[in-house]
Amino acid sequence: GAVVSQHPSWVICKSGTSVKIECRSLDFQATTMFWYRQFPKQSLMLMATSNEGSKATYEQGVEKDKFLINHASLTLSTLTVTSAHPEDSSFYICSAPLPGAPQLTLHFGNGTRLTVT
Amino acid sequence: LAKTTQPISMDSYEGQEVNITCSHNNIATNDYITWYQQFPSQGPRFIIQGYKTKVTNEVASLFIPADRKSSTLSLPRVSLSDTAVYYCLVGPSAGKSTFGDGTTLTVKP
């Protein structure tokens, strides 16, 4: 079945550095992917919609210059956390809609645990 | 965006049927109702989706009344491995929907 792969599964970085997270659709094409952030014991919060070949759409309150999203191909979207700070430490999850199904039918990656020291 | 309300937590025992209800009073005509399961440190996993009436698959059933203002996820004969957080998501697309707080289901032996 359709699978979304996310890499890395965890990363530790120093404050001020940048981190890139990759999200790949393995056996289907995804013109749209979604990026979420989840803090401990909390629900998923949509950060942005990644659109292949065009600019991402960011949710209110999400800094687009800090969270850079690139969707250069039909199977890959990347999220770069620039100048990371400890408050950016969180669980980042991507998803893509299942082809041919209603848009709310999502396949999620296994998430990336980011720790900023 | 449709706002959803679920019980924060539920307890059950192995072998029992579990029903989790989600309220979505302001659901729109083109909104779908989808349920996800999430284990700690993992991405959510799709369980079931419906628009109206009843939907059943190999793992769950989804009951939606005629007014669509609520929905009930039914898990038959739960096991310890069903302990997880369950989310209902209502909307036409992921970009136009919001995850609620979810229901933490704890299955006891």
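None of the values given here were measured: they were computed from a predicted structure.

**Considerations on the confidence of the model for chain A**
Taken as a whole, chain A shows an average pLDDT of 94; of its residues, 98% reach a score of 70 or greater. Strand β11 (residues 112–116) of chain A holds the highest mean pLDDT among the elements of chain A, 98, whereas strand β7 (residues 67–73) of chain A holds the lowest, 93.

**Details of the sheet that holds strand β1 (residues 4–7) of chain A**
Residue and element names in this part refer to chain A. Overall, antiparallel pairing links the four strands, which are arranged β1-β3-β8-β7 in an open sheet. Among the strands making up the open sheet, the edge pair consists of β1 and β7. Neighbouring strand axes in the sheet, compared pairwise and without regard to direction, differ in orientation by 15 degrees on average. Both β7 and strand β8 (residues 76–81) contribute to a ladder of five bridges, which runs antiparallel. By the bridge assignment for β8, isoleucine 69 is matched with leucine 79.

**Points about the pairing of strand β2 (residues 18–23) of chain B**
Residues and elements named next belong to chain B. Residues Val18, Ile20 and Cys22 line the buried face of β2, whereas the alternating positions Asn19, Thr21 and Ser23 sit on a face that is not buried. As paired strands, β2 and strand β7 (residues 70–75) are joined by six bridges and run antiparallel to one another. Paired with serine 23 across the strands is serine 70, a residue of β7.

**Observations concerning the pattern of salt bridges**
Evaluation of the coordinates by the stated rule reveals three salt bridges over all chains. The salt bridge partner of Arg24(A) is Glu22(A), with a shortest N-O separation of 3.5 Å. By relative accessible area, which is 24% here, Glu22(A) ends up partly exposed. One salt bridge connects Lys108(B) with Asp11(B), and the closest N-O pair in it is separated by 3.4 Å. Highlighted residues: Lys108(B) in strand β9 (residues 103–108) and Asp11(B) in strand β1 (residues 9–13), separated in sequence by 97 residues. Residue classification places Asp11(B) among the exposed residues on the basis of a relative accessible area of 53%.

Analysis parameters
- Residues numbered from 1 in each chain as written.
- Chains lettered and ligands numbered in written order.
- Predicted model: local features only at pLDDT ≥ 70, side-chain atom pairs only at ≥ 80, totals over all residues.
- Heavy atoms only, no water.
- pLDDT = per-residue confidence, 0-100.
- Helix = DSSP H or I, 4+ residues; strand = E, 2+ residues; numbered from the N terminus.
- Pairing = 2+ DSSP bridges.
- Axes fitted to C-alpha atoms, helices over the stretch in contact; angles between N-to-C directions.
- Buried < 20%, exposed > 50% of the residue type's maximum accessible area, 1.4 Å probe, protein only.
- Salt bridge = Lys/Arg side-chain N within 4 Å of Asp/Glu carboxyl O.

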